[in-house]
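Report on the structure
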Amino acid sequence: MSYAVLSAMFTPWALAGSVLVLLVYYAWTKTRLENEGSNIPPFPAPAKPFLGHTLLMKGDIFENFVWMRQKAGDIFSLNLLGQHWIVVSGYENLREVLVRHGNKAQDRPLDLSSKVLGEDNHGLLSSHGQNWKEQRAVTNSILRAFGMGKNMMAEKVASEVQIFIEKLESHAEKPTDVHHIVSAAVCNIICSILVGHRFEYDDAYYKQMIENSNAFVVKAPSLLVFFGGPLLKLLPGDWFGIKYWEHCLHDLNENFCKFQINKVKQIYNPENEPENFIAAYLQEMHKKQESSEPTHFDEPNLISLVKSMIIAGTETTSNTINWCVLYCLHHPQVQEKVFEEIQTHVGTSRAPSISDMSKLRYLTAVIRETQRLAGIAPLLSRVVSESFEVQGYLIPKGSQLFINLNSTLHDESKWENPLQFRPERFLDANGDVFKPNEFLPFGLGRRICVGEALARTELDLFLASMFQRFRFEPEDPAQLPSLKAVLVLGFSPQPYKVKFVGRNK
Ligand code: HEM
């Protein structure tokens, strides 16, 4: 080979061209799934080169899943930028995957928030393996010790409800967007568990924290961006909103989680009974460290755990309350019926308590119907740690799962007219409330919501007092706020205003 040919081969352009060809080849091989050709669930459409089915995720993902399910069945595959995702729908299939094969489908893929924060496998929401098991066990035991599911926790909730109702009274009859007030009240319950005290709703520091935590849900980049997130973040500007989102998470991390942990550490004494979640975790951590047992208990996990609880425990419950008020604006007869029930069984001279709930059966049905119809946490994600079979299909190790929770909550074969708000569907012929298996708003199996008992107490006490004290009226009766949900990480109602009219008027 002549010197001229050799030197041409090593020009910067030729090198750049070779790198590009290699990259394209790499991307091409990445987009051919490892187990394609074996008995994996079918695809709803042919995959495009490189992108696979990524563009099919555009728009309303649940509407897309409906036609995909019709074409490919209850369990189908998608190739998203070379990653094998499997979408699972239908109650029996969810049970098979999350319960029967639960130990092989309990890990969470590393999500974009963990990637942007550089948190590989910390905390509870997005951790996996042995670390997740330990963080989940300690969270459950601390929450139980602080009275979750018992009267002790109900008292904490009840005292915040009282302050919340007074706040609503100060806005009475004025059309108000109560989103912040509801979130601030609900988050105060988590804060009083985590750090041992509540915050004023108008406190600037607290408001910022709520905004950051809310941003995690409503400002999350679209699912499309999720798959290429870490790379897209390197682009100049903030076209996809990743940098703003990252900033909010970072602020939450530094100024709330780390700051509050440091405050607790300053007065923490391992000899004393822990007064809050952070102190209880520190105590467990020190015990493990002293016993020199191998342990995943450490401060990075604690920081992430605090963040998981704030994020998972605020917008979920407050969204459900906001949905319930919105449904009642559209169905005023429902709120009249709840009020009558409260008047009969509780009266109006004292606040409803958790022990009243067994008599407030229609209210319980209204809360369940709100959770069913709103389906606020519609899609759960998992990564498969060991291959297994469902319905004769191979669910291969390393594939990722989208568990379509709303496929059971809105299943036409189970619920008549599933998209209608009809609380009576949860009442039997004797007027007793029941819970069909398909009612799974908190998930199923090993990763079922860790705060379910707390969330149910919150929903019962907040809503019972709201129905007792106010009639919810629309700002403009001729134009009711939209019922169309905003879908980012979950389903939230669009912002709306409501008038809280005192029942004594
Ligand atoms: C109406 C309110 C709520 C709903 C509908 C809800 C729903 C859910 C769902 C569907 C999951 C995912 C389960 C899975 O992946 O299988 C989950 C997980 C979780 N929830 Fe809730 N949740 C609510 C309230 C709360 C509250 C108040 C807390 C605070 C303690 C909380 C903390 C968590 C945590 C930390 C996880 C992650 C658990 C894990 O990955 O092991 N949630 N929740």
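Residues numbered from 1 in each chain as written. Predicted model: local features only at pLDDT ≥ 70, side-chain atom pairs only at ≥ 80, totals over all residues. Heavy atoms only, no water.

By the criterion of burial, strand β6 (residues 400-404) is predominantly enclosed, with 5 of the 5 residues buried. Side chains Gln 400, Phe 402 and Asn 404 project from β6 onto one buried face, and the interleaved Leu 401 and Ile 403 project onto a second face that is buried too. The pairing of strand β2 (residues 83-88) with β6 spans 4 bridges and is parallel. Bridge pairing links Ile 86 to Leu 401 in β6. (Buried < 20%, exposed > 50% of the residue type's maximum accessible area, 1.4 Å probe, protein only. Helix = DSSP H or I, 4+ residues; strand = E, 2+ residues; numbered from the N terminus. Pairing = 2+ DSSP bridges.)

This part takes up the site of the ligand. Around the ligand lies a shell of 26 residues, among which Arg 108, Arg 136, Arg 382, Arg 447 and Cys 449 are the nearest. A distance of 2.7 Å is found between an oxygen atom of the ligand and a side-chain nitrogen or oxygen belonging to Arg 108. Between the ligand and Trp 132 there is a distance of 2.9 Å, counted from an oxygen atom to a side-chain nitrogen or oxygen. Elements supplying a minimum of two residues to the shell around the ligand: α6 (129-145), α13 (299-330) and β3 (379-383). Partitioned by chemical class, the residues of the shell around the ligand number 15 nonpolar, 7 polar and 4 charged. (Near = heavy atom within 4 Å. Polar contact = N/O pair within 3.5 Å; in protein donor to acceptor, adjacent residues only side chain to side chain. Nonpolar A, V, L, I, M, F, W, Y, C, P; charged D, E, K, R; others polar.)

The end-to-end C-alpha distance of helix α7 (residues 151-170) is 29 Å, a good match for the 28 Å that 20 residues give at a rise of 1.5 Å each. Among the residues of α7, Met 153, Ala 154, Val 157, Glu 160, Val 161, Phe 164, Ile 165 and Leu 168 are the ones counted as buried. Each buried residue of α7 sits inside an arc of 155 degrees when the element is viewed along its axis, so together they form one side. Every exposed residue of α7 that faces more than 90 degrees away from the buried side is listed here: Glu 155 and Gln 162. Next to the buried residues of α7 lie α6, α8 (179-194), α17 (452-469), β7 (470-474) and β10 (498-502). (Expected span 1.5 Å × (residues − 1). Arc of directions from axis to C-beta. Contact = heavy atoms within 4.5 Å.)

The feature "binding site: heme" (unreviewed entry), as given by UniProt, occupies Cys 449 in the numbering adopted here. Looking at the secondary structure, you find Cys 449 in the loop between α16 (406-409) and α17. Of the residues examined, Cys 449 reaches a relative accessible area of 33% and is grouped as partly exposed. Apart from the residues lying within four places of it in its own chain, the contact partners of Cys 449 are Arg 136 and Phe 442. (UniProt positions renumbered as here; feature names shortened; annotations may be inferred.)

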